[in-house]
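# Structure assessment
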Amino acid sequence: MFTSYPQVPVQALKESYDYVIVGGGTAGCVLANRLSQDPTVSVLVVERGPVANSFISRIPLLSFDFKSDGSRSREWKSTPQSFVDKREIEMVAGNSLGGGSRINGMLYTRGLPGEYNLLAADGRDGWSYDDLLPYFKKSETDLDIDPRTPHDFHGVTVILHKGEWSNRSHHSAFWKHTEHLIRGTSALGIPYVEDLNSPLYPSDGCAKLHFTIDKNGRRSSTLSAFLPESIVKARRDNLAICTVALVNRVEIGHKNGQTVAEGIWVQALGSPETSRLVRARREVILTAGPINSPQVLMLSGIGPEDHLKEMGIPVVKNLPGVGSNLQDHLYVPSQFCVPVDDSLAKLQRKPWIFVQMIFAYIIFGTGLLLSPVLELSIFIQSRLLDPEARRIVTPSPADVDAALPGNLPDLEIIPVAYGELFRHKKGALSLYSVTLRPTSLGTVRLSSSDPSASPVVDPQYLSTDNDRAIMRKGVRFCLSLKEQLVAQKYPITDAHVPMSGSDEDIDDFIKKECRSAFHYSSTNRMAPENEGGVLDDYLQVHGVKGLRVADSSVFPHILSTHLAAPTVAVAEKCSDMILEKYNGKS
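These notes cover the structure that comes with them. (Residues numbered from 1 in each chain as written. Predicted model: local features only at pLDDT ≥ 70, side-chain atom pairs only at ≥ 80, totals over all residues. Heavy atoms only, no water.)

### Here we look at the overall build of the protein
To keep it simple, the criterion reads: Each helix is a run of H or I in the DSSP string that is no shorter than four residues. Each strand is a run of E no shorter than two, and both are numbered from the N terminus. Note that the radius of gyration is over C-alpha atoms, with the globule rule given as 2.2 Å times the number of residues to the power 0.38. Summary of the burial criterion: residues with accessible area below 20% of their type's maximum are buried, those above 50% are exposed, and those between are partly exposed, where the area comes from a 1.4 Å probe applied to protein chains only. Should any heavy atoms of two residues lie within 4.5 Å, those residues are considered in contact. When charges are counted, Lys and Arg contribute as positive and Asp and Glu as negative, whereas His and the chain ends are disregarded. Charged side chains are reduced to one point each, which is NZ for Lys, CZ for Arg, CG for Asp and CD for Glu.
In terms of helices and strands, the protein carries 14 helices and 24 strands. A globule of 586 residues ought to have a C-alpha radius of gyration of about 25 Å, and the protein, at 23 Å, matches this closely. Taken over the C-alpha atoms alone, the protein extends approximately 75 × 55 × 45 Å along its principal axes. Looking at the protein residue by residue over its 586 residues, the buried ones come to 60%. Within the protein, contacts between residues at least 6 apart in sequence are counted, and of these 72% link residues at least 24 apart. Here the protein carries 61 positive and 66 negative side-chain charges, and the mean point of each set is 5 Å from the other.

Right under this line is the structure:
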């Protein structure tokens, strides 16, 4: 498709750049923006997917469906999962400039202060909440906040600051069931939280969600926020964007007794004969995501020694942690029948409403096309649930202090105004039960030494007693919440739920219905090398100079939140660390 977005084909790339960024996704766009602000520095971004910046891709509701045209996503299957009836679970990643931020649910959730204080307690210097807060604020414009009265913990647009990445909430509820859910969770001991990104609220809460939507009602991806066409054109002398290109491996050399990343081998996608070396004068930074970043490292000879030898790849650095420790958020949808007009099904049953919504969106920037598929998220510490997992037992203030690492939620309930009943033109409300702190650890491994081959991904879903018990509690809580809606006289009935409340029936339901939330993490984790780590606290690969990773693979463990905002903060911090190294400033 024709696009005016400035791009450089593989054959026209320069011989070298100061920085080479592998992956133009959620983090890659941020890094490219920050590093190319200096006109004396050259930056190359290599992205496997296209630009794919169509009008539909910017409409929140329509772009939320990553399968709509397949141009912005890449799909594959996991290995058969032993603990979920040998099912092969669908897996999805972004595959265009902007990566996952182009197809995700647009949720702007940072996670609790305790999340990052745990990193600091585990020895990750510079990764506490106080350390990261400036990076969250740097990129953010919270459109809900009056810039005349800014908050200490949110970014707003003022004279001296303009965060490129916008987020906002829906000021009024689209669905009648939303108010019932707020009352229902309150009755079960969970308070309502107006701003889930504020450090001032307790760790448990039913929170109003913020979405990465700009002031014009369009999806605010990291492409539109950090690498829009205007910026790339203005910086075309020192910023090159190369799309539909495949990185074969990182070129590794040796200098002064050190192992050094010297550049990348890159080819036009599907054309191995075009493969060529592009050198990096300063650094190579991998931002290809938690599946593909470890794949590139292993193709480059950096990873588990035995596996590399099995693939016939010369070992440059034995790092067993590469591609290990894979974690993901798994969810199970419990589905209920609700009135058609209180679910997205009304767009199918009454197509004229969809036409009305198009006009409302185009003219006023309002309506269902702003994607209010979900409006709330309920975060729970499962240890505070009663033995039947029906409600929260009254906690002490210490139990809900959001700054304490011991109070991180391990369960999330997400109400979604959609379900499989949609196919039958019936109103549906789904309650997703999500395990936030899984202890199951999976792997990413090469299927061959061919860089175009998809890696082998084995998440080991529900392979621990802990994860199965937490998911069981989540399903039970969903059923309890549904009963609260019934008590409020809201018209809701079971549609697809466990056969009974027994452990056996709930476990059988979980095995058949569980799905990935596509929140892959921790495959290149920050930790000492002797503890299975891949990166130091500066995101540098152990034992290889000039090579960093900056995406959701770097987290030592999966965070108890949606990962887009933390990933952008990682990219912001990475760029500052790079600038400080080479410029003595940030």
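That shown, we press on.
### A closer look at the packing of helix 1 (residues 26-35) against helix 14 (residues 564-583)
Helix-helix packing: each pair is described by the crossing angle between the helix axes and the interaxial distance. Here is the rule we go by: Axis definition: a line fit to C-alpha positions, over the contact stretch in the case of helices; interaxial angles, taken between N-to-C directions, run 0 to 180 degrees. Any angle between 65 and 115 degrees counts as roughly perpendicular, while under 35 counts as roughly parallel, over 145 as roughly antiparallel, and the rest as oblique. Rotating anticlockwise by less than a right angle from the far helix to the near helix defines a left-handed crossing, while the corresponding clockwise rotation defines a right-handed one. Residue polarity is assigned by list, with Asp, Glu, Lys and Arg as charged and Ala, Val, Leu, Ile, Met, Phe, Trp, Tyr, Cys and Pro as nonpolar; anything else, Gly included, falls into the polar class.
Closest axis-to-axis distance for the helix 1/helix 14 pair is 9 Å, and the angle between their directions is 30 degrees. On the basis of their axis angle, the class for helix 1 and helix 14 is roughly parallel. Between helix 1 and helix 14 lies a crossing whose hand is right-handed. Across the interface between the two elements, T26, A27, V30, L31, R34 and L35 from helix 1 touch A564, T567, V568, A571, E572, C574, S575, I578 and L579 from helix 14. Among the residues making up the contact of helix 1 with helix 14, the classes are represented as 10 nonpolar, 3 polar and 2 charged.

### Notes on the pairing of strand 17 (residues 376-380)
Most of strand 17 is tucked away: 5 of the 5 residues are buried. Across the two faces of strand 17 the burial is the same, with L376, I378 and I380 and S377 and F379 all buried.

### Regarding the packing of aromatic side chains
In plain terms, the rule: Each aromatic pair joins two rings of Phe, Tyr and Trp (for Trp, the six-membered one) with centres within 6.5 Å, and gets the label stacked for planes under 30 degrees apart, edge-to-face for over 60, and tilted for any other angle. Placement of a charge over a ring requires the Lys NZ or Arg CZ to be within 6 Å of the ring centre, with the centre-to-atom vector within 35 degrees of the ring normal.
Applying the stated criterion across every chain, the model contains 4 aromatic pairs. For the cation-ring pair, R74 lies above W76, with the distance from its terminal atom to the ring centre recorded as 6.0 Å. Taking NZ or CZ as reference, K573 lies 5.2 Å from the ring centre of W127, over its face.

### Some details on the nonpolar core
The following threshold applies: Working definition of a nonpolar core: buried Ala, Val, Leu, Ile, Met, Phe, Trp, Tyr and Cys residues. They are joined through side-chain atoms within 4.5 Å.
Counting 107 residues, the largest nonpolar core has V284, L539 and L547 as its most contacted members. Broken down by element, this core gets its largest block of residues, 10 residues, from helix 14. With residues near it in sequence (within four places) discarded, L547 still touches V250, A261, V284, L286, L297, I302, L539, Q540 and V541. Counting residues in each nonpolar core, the second largest holds 29 residues, with L61, M106, L368 and F379 among its members.

### Details of helix 4 (residues 129-139)
Burial in helix 4 covers these residues: Y129, L132, L133, Y135, F136 and S139. Buried residues along helix 4 sit against helix 1, helix 3 (113-121), strand 5 (140-142), strand 6 (165-169), helix 6 (222-226) and helix 14.

### Re the state of the cysteines
The cut-off we apply is this: Throughout, disulfides are identified as pairs of cysteine sulfur atoms within 2.5 Å of each other.
All chains considered together, the criterion is met by 0 disulfides. Lacking any disulfide linkage, C242 is separated from the closest cysteine sulfur, that of C29, by 14 Å.

### A look at a nonpolar patch on the surface
The cut-off we apply is this: To count toward a patch, a residue needs a relative accessible area above 30% and no salt bridge. Like charges then connect within 9 Å, nonpolar side chains (Val, Leu, Ile, Met, Phe, Trp, Tyr) within 5 Å. In this description, accessible areas are obtained by the Shrake-Rupley approach with a 1.4 Å probe, and a residue is regarded as covered only by the protein chains that are shown. Here, a salt bridge means any Lys or Arg side-chain nitrogen found within 4 Å of an Asp or Glu carboxyl oxygen.
Residues F55, I56, V355, I358, F359, I362, I363 and F364 make up a contiguous nonpolar surface patch of roughly 820 Å² in combined accessible area. Among the secondary structure elements, F359 is positioned in helix 11 (residues 351-364).

### What to know about the pairing of strand 6
To keep things clear, this is the line we draw: Only strands that DSSP links by at least two bridges are regarded as paired with each other.
The element strand 6 is extensively covered by neighbouring structure, given that 5 of its 5 residues are classed as buried. Burial of strand 6 is two-sided: the residues W165, N167 and S169 facing one way and the residues S166 and R168 facing the other way are all buried. Relative to strand 9 (residues 210-211), strand 6 runs antiparallel, the two being bridged by 2 bridges. In the sheet register, S169 faces strand 9, and the bridge partner there is H210.

### Describing unusual backbone geometry
At M106, a residue that is not glycine, the phi angle is positive and equals roughly 65 degrees. With respect to the element layout, M106 can be found in the loop between strand 4 (90-94) and helix 3. Judged by its relative accessible area of 0%, M106 is buried. Here K489, not a glycine, exhibits a phi torsion of approximately 70 degrees, which is positive. Take K489: it is sitting in the loop between helix 12 (465-487) and strand 22 (493-496).

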